[in-house]
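# Geometric and topological summary
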Amino acid sequence: MSDQTNERKIEHIRVIEQDPETDRQGAYFDRIRLTHRALPEVSLAEIDPSVEFLGKRLSFPLLISSMTGGDHELVRHINKNLALAAEACQVAMGVGSQRVMFSSEAAKESFSLRPFAPTVPLFANIGAVQLNCGVGYEDVMRAVDVLQADALYLHLNPLQEAVQPEGDTNFAGLSAAIQALQQRLTLPIILKEVGSGLSPADIRLGLGAGVRYFDVAGSGGTSWSRIEHHRRQFDATDLGLKFQDWGLPTPLALKLAEPFLDQATLIASGGIRDGIDMAKSVILGASLCGVAAPLLQPAMESADAVIAAIEKLRREFVTAMFLLGTSDFSALYRNKALIVEER
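Rules and cut-offs
- Residues numbered from 1 in each chain as written.
- Predicted model: local features only at pLDDT ≥ 70, side-chain atom pairs only at ≥ 80, totals over all residues.
- Heavy atoms only, no water.
- Helix = DSSP H or I, 4+ residues; strand = E, 2+ residues; numbered from the N terminus.
- Rg over C-alpha atoms; globule rule 2.2 N^0.38 Å.
- Buried < 20%, exposed > 50% of the residue type's maximum accessible area, 1.4 Å probe, protein only.
- Contact = heavy atoms within 4.5 Å.
- Areas by Shrake-Rupley, 256 points an atom, 1.4 Å probe, with all protein chains shown as cover.
- Phe/Tyr/Trp six-rings, centres within 6.5 Å; stacked < 30°, edge-to-face > 60°.
- Polar contact = N/O pair within 3.5 Å; in protein donor to acceptor, adjacent residues only side chain to side chain.
- Pairing = 2+ DSSP bridges.
- Right-handed = clockwise from strand over helix to strand, strands pointing away.
- Disulfide = S-S within 2.5 Å.
- Lys, Arg positive; Asp, Glu negative; His and termini not counted.
- Salt bridge = Lys/Arg side-chain N within 4 Å of Asp/Glu carboxyl O.
- Axes fitted to C-alpha atoms, helices over the stretch in contact; angles between N-to-C directions.
- Core = buried A, V, L, I, M, F, W, Y, C linked by side-chain atoms within 4.5 Å.

## Some points on the overall build of the protein chain
- What the protein chain contains, in helices and strands, is 13 helices and twelve strands.
- The globule rule puts the C-alpha radius of gyration for 343 residues at 20 Å, and the 19 Å found for the protein chain is close to it.
- Principal-axis analysis of the C-alpha atoms gives the protein chain an extent of 60 × 40 × 40 Å.
- Residues classed as buried in the protein chain amount to 55% of the 343 residues present.
- The contacts of the protein chain with a sequence gap of at least 6 include a subset with a gap of at least 24, amounting to 78%.
- On the protein chain, roughly 13,900 Å² of surface is accessible, and the fraction owed to carbon and sulfur atoms is 50%.

What follows is the structure, encoded as structure tokens:
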């Protein structure tokens with residue numbers, strides 16, 4: 001592949017495969033200890049973990065977070081397997097950045113996923129900074145239409161762009177551009193970080209721009225700063241390593257966002273590695289929990305491997321609900337009385 005953006009997609013996957021430390025394993029959720037109920041007064045068989053999001057009922061609050069896309073057989077294989085698994089398990093899915101579509105017509109195929117996931121929420125994805133780099137409403141709608149998306153992720157990644165050799169770093173006045181886009185769109189925008197967390201100031205700007213959905217995407221999981229470090233082949237600096245743990249851990253980002261929950265819907269992602277982390281995220285105010293890295297290797301194998309990984313997460317989440325004595329999502333959501341200790 002000669003296209004630079006296309007090549008970068010494959011480079012990212014290879015770095016993740018070759019460097020296990022791109023997953024920072026922050027384990028920030030381990031600092032939260034939950035109440036154990038020896039008399040939960042509920043039947044495990046009757047636990048209902050389902051939740052409604054964007055008018056669609058999900059089997060439990062899982063989002064397959066954004067990973068990849070482009071003109072390459074590997075990324076087409078990954079995205080198809082993820083979409084098939086999302087449909088089979090009735091969970092939501094966000095795609096990787098669709099900017100590659102604008103320079104490679106063939107890349108569209110990797111995002112044409114609605115035939116594989118006809119009923120679940122699908123989120124299109126464009127880097128917000130591209131609104132300052134010539135990407136306009138018509139381009140965004142091409143990304144939305146190819147996926148037949150229910151919502152649009154605008155991802156915010158200033159750290160990744162600052163470290164990336166070819167990064168776009170003009171984030172000036174971006175909230176105004178986001179507002180102008182949201183006013184024209186008929187579907188919701190979800191503002192999403194990519195591993196450094198959204199601060200209260202960011203959420204406040206987003207609300208002012210008319211955005212009501214936010215993926216806090218904190219630190220503790222995949223470090224895009226470290227990934228981009230590996231791509232700075234001719235740069236002697238260690239900028240990407242220096243900032244590999246920069247940002248707000250996901251539990252902290254959720255806590256800081258709590259005052260906005262009467263106006264905003266939160267998604268938690270960044271370092272969520274099991275169903276217990278998911279339960280803690282819902283207690284802290286998340287309506288969905290995004291997981292990416294643990295599903296990448298299964299997606300490279302088969303849809304069945306992804307389904308098995310998702311079912312494992314679901315069993316863990318339901319078991320946590322049972323041991324907390326919570327029979328359904330509403331009993332878990334924002335129930336901070338279930339937290340007994342934070343270290």
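## Brief notes about the packing of aromatic side chains
- In the structure shown here, the tally under the stated rule is six aromatic pairs.
- Summarising the aromatic geometry, the rings of Phe53 and Phe123 are spaced 6.1 Å apart at their centres and angled 50° between planes, so their arrangement reads as tilted. With Phe53 in strand S2 (residues 51-53) and Phe123 in strand S6 (residues 122-127), this residue pair connects regions lying 70 residues apart in the sequence.
- Phe123 sits in the buried class, given a relative accessible area of 0%.

## Some details on helix H10 (residues 275-283)
- In terms of burial, H10 is largely enclosed, as eight of its nine residues are buried.
- Taken residue by residue, H10 has Gly275, Asp277, Met278, Ala279, Lys280, Ser281, Val282 and Ile283 as its buried positions.
- Backbone nitrogen of Ile276 and a side-chain oxygen of the N-cap are separated by 3.0 Å at the start of H10; the cap is Asp274.

## Topic: the pairing of S6
- Burial analysis of S6 places six of its six residues in the buried class, the great majority of the element.
- On S6, burial covers both faces: Leu122, Ala124 and Ile126 on one face and Phe123, Asn125 and Gly127 on the other are all buried.
- The pairing of strand S5 (residues 92-94) with S6 spans two bridges and is classified as parallel. Residue pairing across strands places Gly94 opposite Phe123, the latter belonging to S6.
- Bridge analysis of S6 against strand S7 (residues 151-156) gives five bridges, and the strand direction is parallel. Its bridge partner being in S7, Gly127 is matched across the sheet by His155.
- Taking the sense of rotation as the criterion, the β-α-β connection linking S6, helix H3 (residues 137-147) and S7 turns out right-handed.

## Focus: unusual backbone geometry
- Despite not being glycine, Ala27 shows a phi value in the positive range, around 50°.
- Looking at where Ala27 falls in the secondary structure, it is placed in the loop between helix H1 (4-18) and strand S1 (32-34).
- The exposure class assigned to Ala27 is partly exposed, which follows from its relative accessible area of 39%.
- Positive phi values are uncommon outside glycine, yet Glu41 reaches one of about 60°.
- Checked against the element boundaries, Glu41 lands in the loop between S1 and S2.
- For Glu41, a relative accessible area of 67% translates into the label exposed.

## Points about the state of the cysteines
- For the coordinates displayed, the defined rule picks out zero disulfides.
- The thiol of Cys89 is unpaired, and the distance to the nearest cysteine sulfur, on Cys289, comes to 15 Å.

## Quick look at the side chain of Lys192
- With respect to the secondary-structure elements, Lys192 resides in strand S8 (residues 189-193).
- Overall, the relative accessible area of 7% leaves Lys192 in the buried class.
- Once residues within four sequence positions are removed from consideration, Lys192 is found in contact with Ser66, Tyr153, Leu154, His155, Leu156, Asp215, Ala217 and Ser269.

## Examining the side chain of Glu193
- Positionally, Glu193 belongs in strand S8.
- Buried within the structure, Glu193 lacks any salt-bridge partner; Lys192 is the closest side chain of opposite charge, at an N-O distance of 7.9 Å.
- Excluding residues within four positions of it along the chain, Glu193 makes contact with Leu156, Asn157, Pro158, Leu198, Asp215, Val216 and Ala217.

## Side note on the sheet that holds S7
- On the basis of which strands lie adjacent, the closed barrel formed by eight strands has the order S4-S5-S6-S7-S8-S9-S10-S11 and parallel pairing. Going across the sheet, the axis of each strand differs from the next one's by a mean of 25°, ignoring polarity.
- Examined bridge by bridge, strand S9 (residues 213-215) and strand S10 (residues 265-269) share three bridges and lie parallel to one another. Across the sheet, residue Tyr213 finds its bridge partner in S10, namely Thr265.

## Describing the nonpolar core
- Of all hydrophobic cores here, the largest spans 104 residues; its most connected members are Phe123, Leu152, Leu154, Ile178 and Ile310.
- Counting residues per element, this core draws most heavily on helix H12 (residues 303-324), which supplies nine residues.
- Not counting the four nearest positions on each side in its chain, Ile178 is found in contact with Ala128, Leu131, Leu154, Ile189, Leu191, Ala209 and Val211.

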